[in-house]
Amino acid sequence: MDKACHIIVTGLVQGVGFRPFVYRIALRCNLSGWVRNTNENVEIFVQGPQYLIEDFINELNSDPPAASHIHNIITSYTEPIELQGFQIRRSENTSERITEISPDIAVCDDCLEDMRVQHNRVSYPFVNCTNCGPRFTIISDLPYDRQNTSMKVFPMCNSCRKEYEDVNDRRFHAQPVACSVCGPQYTLYQGSTRIAEIELIVASVADFIEKGGILAVKGLGGYHLACDATNEAVINRLRLMKNREGKPLAVMFRNIETIKKYAEINILEENSLLSQRRPIVLLRSWGEIQLAQSVSVGLNTIGAMLPYLPFHHLLFSKLNIPAIVLTSGNISDEPIIIDDREAIDTFLPKTGAILVHNREIVNRADDSVVKIINDSERVFRRSRGYAPSPIILNIDSSNILATGAELVNTFCIGNGRQAIISQYIGDLQNAETTSFYLETLNKFQHLFRMKPEVIATDLHPDYFVTRFAETIANSGTLIKIQHHHAHIVSCMAEHHLDEPILGVAMDGTGFGTDGNTWGAEFLYCDLAAFTRETHFDYLPLPGGDKGIDEPWRMAVSYLYRIFGEEVVNLNIPFIDKIGKDKIDIIMNMIRSGTNCPLVSSAGRLFDAVSALLCLCHYSTFSSEAPIRLESIIELGCSDLYPFTLIETVNFDSTFTGILADINKNIKNEVISAKFHNTIIAVIYEVIIKMQQRHPCNKVVLSGGTFQNKYLLEGTEMMLRRKGFEVFSHHLIPTNDGGISLGQLTIAAKRRELGLLT
Ligand code: ZN
Ligand code: ZN
Ligand code: FE
């Protein structure tokens, strides 16, 4: 007796080879019926013996296409109808809601094989199939269809069309399908020559890089600058060219075996490196054989990635060096360049060589950055390969726009229960980045058919995002959200928590409800509201933003609080290195309260300790001082310093302990370990106290300081050992890149509770 079943599959199921996959298993199970894309999901109707339908559903669940991600499968059995065979039906536009847009996917092994053997794709650098290739970076509209991508200007040749239309072909409905006859092409501009033949391009480029050249090269989500990662001189030139003094540079290695020679990697790090998302993975270097020193600016980490474009593979087949620096093609903190004209004008006079191609980049995407902490991938920068996959919420977030934070910005829009976070935008501190922000926001509103009715933003009165939110607020309700509440809720949203929890925000800076600058906050909170239970003591930040760029100022602030005018008489290297005159100036500022905002920030405390140990007095990139402090920790040391916990957390005795250790010539490595252990102990002690007031077993950790692996691992382990359930970030950044999700979720919850006025 035959049965029939109607099946709805939701999730990332379009543009990833899902319908042909359904077709193939339906044939294998000998079922009749059909499959089609709708705007909301994939819809399937199958009919046949019940046990075969069950087999079919099992297979649907167990082995979906690599690039897909199923959220939900809903089945309902009905009566069989008159039906023959199995068909892929035309797409239907059933509503205004749309499904997900796939992130870009690294070239697959089958396509790499085609590049060796398939006559029209030998060495063809735009090869792709339903399992791989560009997605988000080429999409200008939905539904996902070639006409709505930057492939629309390349009509398919007969051979590509045949593959595109053949349901049994790996390229069935692969929208960017292309070959050397019909698809995009690279052109190399080198000096006054212009090369269009790919094999010649690869040979010239490999030679150029090996001889110490810097190449500007168009990639998937923007231009990169590439050079030999073992050549110190060229990297110095690259830094000058980019106007980037200190920040570590990302490195693309030939293959995983080569990475293992330079860095210590575990299976999870290997999985992330090899995943189809191909992020930059922050690894710990062995420190024996090394790349050029200045790649990692003296830190013990390497930002490593593997080839993800067909062109990268071609390049390494000709290169004789183990790795290239591959860094965003931009100047200073501006967005990565995507426009060909701008790239040629900006880079060609400086580099002498630029590799361009004629497929337009519609959406900018930087390389994503992840780190494995406590056996899990943590995303620090969420862009290529990750965006714009939604985070699924427990609450309706329709038509909410969350503007995000001012630094390492992303914004977030609500689409039903999906929170769609933009790709990494950057620091909204120059005109180029703010226009990238506005332009991307327009694109997202169009792509996802979204009109903001509720606008959630930060409390800070002077942020670009808050001023922007105010200008568009006439179209809806504006709500301002405290930065650290947003941090904690961003982590709760990721874990579907909707209840009061104990929140720990260890962070740089964010505007507080009392007008001071917050950044080490213990919040008892739920999705809608919070109370500030305690925080690190307020200290003056001499010079405001200048005090962030110059960590030594914060060290003086902590010392002044303990020793007053006697600071200059302390017999430690720090005082000699900075000089009594400069310290006097800072002490004057503190005494008179001139430009000394009060801060309670974990980031600034780490700054102070790092500066006191003379690891970093002037910061050349964001969080340099804390990163250098973490980088030297002596593992296996369990000692800690005293601290005082009354109304707030006071570190006077911690600093006295550090000074005593400095005077005893204890190694910086040990002092750093003891300091980190102290912070872990502080968090634990505060949580115990909070739990006495609020019986609750769930602890949520967020804020940029938790990018610190030692701190996060130690805090998680300590709390778990005492029976707490601990939640930290995995899918979205613990830094300000996650703030937009928190803002969106808070706004959604307040709306659900009827708290929006
Ligand atoms: Zn492929
Ligand atoms: Zn073709
Ligand atoms: Fe923050």
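Residues numbered from 1 in each chain as written. Chains lettered and ligands numbered in written order. Predicted model: local features only at pLDDT ≥ 70, side-chain atom pairs only at ≥ 80, totals over all residues. Heavy atoms only, no water.

(A) The arrangement of the overall build of the protein in detail. The secondary structure content of the protein amounts to 23 helices and 32 strands. Here the C-alpha atoms of the protein give a radius of gyration of 27 Å, agreeing with the 27 Å that 2.2 N^0.38 yields for 757 residues. On the principal axes, the C-alpha backbone points of the protein span a range of 90 × 65 × 50 Å. Taking all 757 residues of the protein together, 62% fall into the buried category. (Helix = DSSP H or I, 4+ residues; strand = E, 2+ residues; numbered from the N terminus. Rg over C-alpha atoms; globule rule 2.2 N^0.38 Å. Buried < 20%, exposed > 50% of the residue type's maximum accessible area, 1.4 Å probe, protein only.)

(B) Summary view of the sheet that holds strand 18 (residues 391-392). The sheet built from six strands is open, its strands ordered 18-21-20-19-22-23 with mixed pairing. Each edge of the open sheet carries a strand with a single partner, namely strand 18 and strand 23 (477-481). (Pairing = 2+ DSSP bridges.)

(C) Layout of the coordination of the zinc ion (ligand 1). Around the zinc ion (ligand 1), the protein supplies C108 (SG), C111 (SG), C129 (SG) and C132 (SG) as donor atoms, at distances of 2.3 Å. Classification of the site at the zinc ion (ligand 1) rests on its four donor atoms, whose angles at the metal span 103 to 118°, yielding the label tetrahedral. Coordination of the zinc ion (ligand 1) draws on donor residues from a single chain, spaced C-x2-C-x17-C-x2-C in sequence. Taking the relative accessible area as the measure of exposure, C132 reaches 0% and is therefore buried. (Donors = N, O, S within 2.8 Å, 3.2 Å for Na, K, Ca; no water. Tetrahedral: all angles 85-135°; square planar, octahedral: opposite > 155°, others 65-115°.)

(D) Representation of the sheet that holds strand 2 (residues 32-37). The mixed open sheet is built from five strands, whose spatial order is 4-1-3-2-5. A single partner strand is all that each edge strand has here, and the edge strands are strand 4 (69-78) and strand 5 (86-88). The mean inter-strand angle of the sheet, taken between neighbouring strand axes irrespective of direction, is 15°. As judged from the three bridges shared by strand 2 and strand 5, these two strands associate in the parallel manner. Residue pairing across strands places V35 opposite I88, the latter belonging to strand 5. Its contacts with the sheet place helix 1 (residues 18-28) against strand 1 (2-12), strand 2, strand 3 (42-49), strand 4 and strand 5, and it is angled at close to 175° to strand 5. (Axes fitted to C-alpha atoms, helices over the stretch in contact; angles between N-to-C directions. Contact = heavy atoms within 4.5 Å.)

(E) Summary view of the coordination of the iron ion (ligand 3). In the first shell of the iron ion (ligand 3), the protein supplies H483 (NE2), H487 (NE2), D507 (OD), D507 (OD) and D736 (OD), at 2.0 to 2.6 Å from the metal. Judged by relative accessible area, which is 0%, H483 ranks as buried. By relative accessible area, D507 is classed as buried at 3%.

(F) Looking closely at unusual backbone geometry. Here the bond from A387 into P388 is cis, since omega is 0°, no more than 30 degrees from zero. Tracing the backbone through its elements, the reader meets P388 in the loop between strand 17 (376-381) and strand 18. Phi is positive for S332, which is not a glycine, with a value near 55°. Mapping S332 onto the fold places it in the loop between strand 14 (323-328) and helix 10 (340-351). Positive phi is not limited to glycine here, since N665 has a value of about 60°. In this structure, N665 sits in the loop between helix 20 (652-663) and helix 21 (668-693).

(G) Empty space enclosed by the protein, seen in detail. The full count for this structure, using the stated rule, is six cavities of 30 Å³ or more. Approximately 130 Å³ is the volume attributed to the largest cavity. Surrounding the largest cavity, 17 residues form its lining, P134, L220, L309, P310 and R359 being those nearest its centre. Here the residues of the lining of the largest cavity sort into twelve nonpolar, four polar and one charged. (1 Å grid on protein atoms, 1.4 Å probe; cavity = no way out; pocket = protein on both sides within 12 Å on 5 of 7 lines; lining within 4 Å. Points joined across faces, edges and corners; volume = space filled by probe spheres on them. Nonpolar A, V, L, I, M, F, W, Y, C, P; charged D, E, K, R; others polar.)

(H) Expanded view of helix 19 (residues 624-631). Counting buried positions along helix 19 gives seven out of eight residues, so the element sits mostly inside the fold. Here helix 19 has its buried residues at E624, A625, P626, R628, L629, E630 and S631. In this structure, the buried residues of helix 19 make contact with strand 16 (369-373), helix 18 (602-612), helix 21 and helix 22 (709-721).

(I) Structural context of the packing of aromatic side chains. Per the stated rule, a full pass over the model turns up 19 aromatic pairs. With 5.2 Å between their ring centres and 80° between their planes, F411 and F444 make a pair best called edge-to-face. Taken as a pair, F411 in the loop between strand 19 (400-402) and strand 20 (412-415) and F444 in helix 11 (residues 431-447) lie far apart in primary sequence, 33 residues in all. Comparing F411 with F444, the two get one shared label, buried. The interplanar angle of 75° and the centroid separation of 4.9 Å between the aromatic rings of F606 and F675 together place this pair among those described as edge-to-face. (Phe/Tyr/Trp six-rings, centres within 6.5 Å; stacked < 30°, edge-to-face > 60°.)

(J) Up close: the domain arrangement of the protein. Considered domain by domain, the protein is made up of domain 1 (3-88), domain 2 (186-357) and domain 3 (540-679). Distance from the C-alpha centre of domain 2 to the C-alpha centre of domain 3: 36 Å. With nine residues of domain 2 in contact, the opposing surface of domain 3 contributes six residues. Where domain 2 abuts domain 3, roughly 590 Å² becomes buried across the two surfaces, and 58% of that area is made up of carbon and sulfur atoms. Connecting domain 2 to domain 3 are two residue pairs in polar contact (both at pLDDT 80 or more). (Domains from an automatic or database assignment. Buried area = accessible area lost by both parts, 1.4 Å probe. Polar contact = N/O pair within 3.5 Å; in protein donor to acceptor, adjacent residues only side chain to side chain.)

(K) Quick look at the environment of A292. Structurally, the position occupied by A292 is in the loop between strand 12 (280-285) and strand 13 (301-305). The spacing of A292 and E100 is 192 residues in sequence and 41 Å in space, taken between C-alpha atoms. Those residues in contact with A292, other than ones at most four positions away along the chain, are A229, T230, N231, E232 and I235.

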